[in-house]
Amino acid sequence: AGGFKSVREIYRALLRETARHGLERFDPETPSEYRDRLRPHLPGAAAGLTAVTDRYILERYGERKHTPFEIGETAAAFEKIKSALTAEK
């Protein structure tokens, strides 16, 4: 889904998409804090937000490489978030 090569790429796409909907991440905000702030705006996508954020944290800070299957799962979660963003506006 989406042709992503890494979870970090998916997270960057998430940041772009949420910013387009007026929900940009604040500079001092951690990924976990940002996820928690987004949740009330996207109640139907809470699980997806958690999946994308947790895997991003593992890849970015834990230097964990995800398998193609995990990247695909994360991309699918991102697609659900995108759909929820569109439905909210």
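Up top you'll find the structure we're talking about.
These numbers come from a predicted model, not from an experiment.

Novice: Is there a simple way to think about the overall build of the chain in this case?
Specialist: Scanning the chain from N- to C-terminus turns up 4 helices and 0 strands. In the chain, the succession of α and β elements from N to C terminus is α-α-α-α. For the chain, the C-alpha radius of gyration of 12 Å lies close to 12 Å, the compact-globule estimate for 89 residues. Its C-alpha atoms give the chain principal-axis dimensions of about 35 × 30 × 20 Å. When the 89 residues of the chain are sorted by exposure, 39% land in the buried category. Within the chain, contacts between residues separated by at least 24 positions form 58% of all contacts whose residues are at least 6 apart in sequence. For the chain, the computed accessible surface area is about 5,200 Å², with 54% contributed by carbon and sulfur atoms.

Novice: Looking at this model, I keep getting lost on the nonpolar core. Mind explaining?
Specialist: Within soluble globular proteins, side chains that are nonpolar tend to cluster in buried spots. Counting 21 residues, the largest nonpolar core has Phe4, Ile10, Leu42, Val52, Phe78 and Ile81 as the members making the most contacts within it. For this core, the element with the highest residue contribution is helix H4 (residues 68–88), accounting for 7 residues.

Novice: Explain the packing of helix H1 (residues 7–20) against helix H2 (residues 31–38) to me, please; I cannot follow it from the model alone.
Specialist: Geometry of a packed helix pair, given as the angle between the helix axes and the separation of the axes. Relative to each other, H1 and H2 sit at 40 degrees, their axes nearing to 13 Å. On the basis of their axis angle, the class for H1 and H2 is oblique. In the crossing of H1 with H2, the sense of the turn from one axis to the other is left-handed. Contacts from Tyr11, Leu15 and Thr18 of H1 reach H2 at Pro31, Tyr34 and Leu38. When its residues are assigned to classes, the contact of H1 with H2 shows 5 nonpolar, 1 polar and no charged.

Basis of the calculations
Residues numbered from 1 in each chain as written. Predicted model: local features only at pLDDT ≥ 70, side-chain atom pairs only at ≥ 80, totals over all residues. Heavy atoms only, no water. Helix = DSSP H or I, 4+ residues; strand = E, 2+ residues; numbered from the N terminus. Rg over C-alpha atoms; globule rule 2.2 N^0.38 Å. Buried < 20%, exposed > 50% of the residue type's maximum accessible area, 1.4 Å probe, protein only. Contact = heavy atoms within 4.5 Å. Areas by Shrake-Rupley, 256 points an atom, 1.4 Å probe, with all protein chains shown as cover. Core = buried A, V, L, I, M, F, W, Y, C linked by side-chain atoms within 4.5 Å. Axes fitted to C-alpha atoms, helices over the stretch in contact; angles between N-to-C directions. Parallel < 35°, antiparallel > 145°, perpendicular 65-115°, else oblique. Left-handed = near helix turned anticlockwise from the far one by under 90°. Nonpolar A, V, L, I, M, F, W, Y, C, P; charged D, E, K, R; others polar.

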